[in-house]
Every structure is written in structure tokens, then in C-alpha cells.
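So the chains spell out like this:
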Amino acid sequence: MKDPIGTAIEDFYNGELNAEIIVESDLCDDDTIPLSILCRTFEEMSELEKIALNKASGEILDVGAGCGNHALELTKKGGNVTAIDISEKAVKHMINKGINAHNINFFEFNNKKFDTITFFMNGIGIAGKLSNLKHTLAHAKTLLKPNGKLIFDSSDISYLYEDEDGSVWMDLNNEYFGNFKFKMNYKNESTDWFDWLYVDYNKMKEIAKELNFNVNLLFEENYSYLTELTLK
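Scope of this entry: the structure provided in the associated data block. For every chain, the first residue of the written sequence is number 1, and numbering continues from 1 onward in sequence order. Whole-chain, interface and lining totals are the exception, using all residues; otherwise, since this is a predicted model, local features are given only for residues with pLDDT of at least 70 and side-chain atom pairs are given and counted only at 80 or more. With hydrogens and water set aside, each side-chain value is computed from the structure's full complement of heavy atoms.

### Describing the side chain of D11
Test applied: A run of H or I in DSSP counts as a helix once it spans at least four residues, and a run of E counts as a strand once it spans at least two, with each numbered from the N terminus. For every residue, the accessible area obtained with a 1.4 Å probe (protein chains only) is divided by the maximum for its type, and the residue is called buried under 20%, exposed over 50%, and partly exposed between those limits. It only takes one pair of heavy atoms within 4.5 Å for two residues to be counted as in contact.
Structurally, D11 can be placed in helix 1 (residues 4-13). D11 sits in the buried class, given a relative accessible area of 13%. Filtering out sequence-adjacent residues up to four positions away, D11 remains in contact with E16, Y186 and K187.

### Quick word on helix 3 (residues 47-55)
Our working definition: The arc refers to the directions leading from the helix axis to the C-beta atoms.
All of the buried residues in helix 3 are L48, E49, A52 and L53. One side of helix 3 holds all its buried residues, which, seen down the axis, span an arc of 135 degrees. Looking at the buried positions of helix 3, the neighbouring elements they touch are helix 4 (69-76), strand 7 (144-155), strand 11 (213-221) and strand 12 (224-231).

### Brief notes about the packing of helix 6 (residues 133-142) against helix 7 (residues 201-210)
Quick reminder of the rule: Note on geometry: axes are C-alpha line fits, over the in-contact stretch for helices, and angles between N-to-C directions span 0 to 180 degrees. Orientation categories follow fixed angle ranges, with anything under 35 degrees roughly parallel, anything over 145 roughly antiparallel, 65 to 115 roughly perpendicular, and all other angles oblique. By the definition used in this description, the sense in which the near helix is turned from the far one sets the handedness, with an anticlockwise turn below a right angle giving left-handed and a clockwise turn giving right-handed. Note on residue classes: Ala, Val, Leu, Ile, Met, Phe, Trp, Tyr, Cys and Pro are nonpolar, Asp, Glu, Lys and Arg are charged, and everything else, Gly too, is polar.
One way to put it is that helix 6 packs onto helix 7 with a least axis distance of 10 Å and a crossing angle of 50 degrees. Considered as vectors, helix 6 and helix 7 are oriented oblique to each other. Handedness of the helix 6/helix 7 crossing: right-handed. Listed contacts from helix 7 to L133, K134 and L137 of helix 6 are M204, I207, A208 and E210. Class assignment of the residues belonging to the contact of helix 6 with helix 7 gives a composition of five nonpolar, no polar and two charged.

### Some words on the environment of C67
As for its position among the elements, C67 is in the loop between strand 3 (59-63) and helix 4. Residue classification places C67 among the buried residues on the basis of a relative accessible area of 2%. Counting along the chain gives 52 residues from C67 to G15, while the straight-line C-alpha distance between them is 15 Å. The residues touching C67, leaving out its near neighbours within four places in the chain, are I9, Y13, L38, C39, H93, M94 and K97.

### Digging into a nonpolar patch on the surface
The line we're drawing: Residues with no salt bridge and a relative accessible area higher than 30% make up the patches, which join like charges within 9 Å and nonpolar side chains (Val, Leu, Ile, Met, Phe, Trp, Tyr) within 5 Å. Here, Shrake-Rupley sampling with a 1.4 Å probe gives the accessible areas, and only protein chains in the shown set may cover a residue. Whenever Lys or Arg places a side-chain nitrogen within 4 Å of a carboxyl oxygen from Asp or Glu, that contact is recorded as a salt bridge.
Among the surface-exposed residues, Y159, L160 and Y223 lie close enough to one another that they form a single nonpolar patch of about 280 Å² accessible area. Topologically, Y223 is positioned in the loop between strand 11 and strand 12.

### Some remarks on the packing of aromatic side chains
Defined as follows: Note on ring pairs: Phe, Tyr and Trp rings are taken, using the six-membered ring of Trp, and paired if centres are within 6.5 Å. Classes follow the plane angle, with under 30 degrees stacked, over 60 edge-to-face and the rest tilted. Distance and angle both matter: a charge sits over a ring if NZ of Lys or CZ of Arg is within 6 Å of the ring centre and within 35 degrees of the ring normal.
According to the stated counting rule, one finds 12 aromatic pairs in the structure shown. Measuring from ring centre to ring centre gives 5.3 Å for F106 and F107, while their planes differ by 70 degrees; the resulting arrangement is edge-to-face. F107 gets classed as partly exposed once you look at its relative accessible area, which sits at 30%. Look at F119 and F152: their rings are 6.4 Å apart centre to centre, the planes differ by 90 degrees, and that puts the pair in the edge-to-face class. On the criterion of sequence distance, the pair formed by F119 in strand 6 (residues 114-119) and F152 in strand 7 is long-range, its members being 33 residues apart. A relative accessible area of 1% places F119 in the buried class. Members of the aromatic cluster, connected to one another through ring pairs, are F180, F182, F194, W196 and Y198. For the cation-ring pair, K50 lies above F42, with the distance from its terminal atom to the ring centre recorded as 5.1 Å. K141 extends its terminal NZ or CZ atom over the ring of F213, reaching a point 5.6 Å from the ring centre.

Without other data, these values stay purely geometric and don't point to any function.
As C-alpha cells, then:
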């Protein structure tokens, strides 16, 4: 099974500090993710991330944990952290760092309850499409203890559709402007194309309230926001 992200993580921690993942998109030009950004230290993290880390507590599920940098910081802050990721090599790396990590898909994870569930770096994008966001949040809800909370960030990417005169164009054949398709490439390994969601705050809030969540905006900067959903 191809695992470009896991391979890149391995290489980075084996000394290839300039390792980069190439990201293909159906809507934008190709982009790159330096592993030095993906695996950054606490000091290098954004204000948004630091706020999220400080809000998480108790039994914590870190979804899409990647390098394990957030899971490690949550552990340092006293959290009892479980990290999950679909990258087998990333999970192996986290286990070697002493993290309680498991190679499993979030939608197949069950039978345990948490005080906090985190989705760092737009991890809520695993919903894939707006039409699947309600299902994603509903599944997360089944994993929460009575006073539990979800913490995640996302972005309103409608600005990508703005013309120079300020007008906005949308593809009327697309369900939602934040529905993307991506493909990750590293050296000779590539993922299949996969769906990934960027959801604006108002749309997210509308869906969360349908599931009877309290919605709290923790931080907002430029086009990105950090939110906390708690059970009523």
C-alpha cells in the first residue's frame, strides 16, 4: 500500500530535513508541504494551534495525528492521549516516540469515549464533502463523554473564487465551494485521489446545531477559524 506521507515522515526524522510532499488539487495549482512545517515543534506552531492545545483536556483522541507533534504536546500538558492515523508508517513513528497510536480509520473507530476529540490542521476535512459533514460530526458525537467536546479548525476558501473586481464565481455543478479533491505525492509514492472538505464557519455552525451541539468560536484569523463544539 502506498504511504507517501508516512514515508516522508520517516525520511524527515532520518535526516532528510528538506523533504517535501507535493499536493495535487482538482481546483488549484500544485502545492508543496515541507515536512519541517508538518512536523513543527510547539514553538513553531501557530496561535490557533496553541489555543487548541490549551483547550484540550482529559481523555483525548487526536484524529489524523501524523507526526505526533500535537499528541506529544497534549501529553506534556497532562492529557491521556490516543492518536489515530491511516498512515501505517506514521503510526509506527508515533509508537516509537512513546505515543499511544493506532493505525485505524476514524469512521471505524468506536467502543471508547473521550473528553476531547481534536482534528488539527483542518483534520475535519476527512468528511470529504459538505454532504458528509453531518455524518462525521455525528460519529464524533458517539465517541464523546457526557461533557465532551470537539476542537477543530477549518477555513472559508470562498476567496479562491473571487475575481479582481471583487465578484465571486462558483461552479454550479459543484455541491459546495469547499469540496476539494487532492492527491499526495512523495518520491515514487502517490495516494489515490481523495475528497477533502474546507467548511466555512456559518455552514459548519448550522450543521453542528442540527446535531444539538453548542458552538463556540475560539479564534479567527484571515480566512481560518478554530471552534469548540460541546454537548448540550
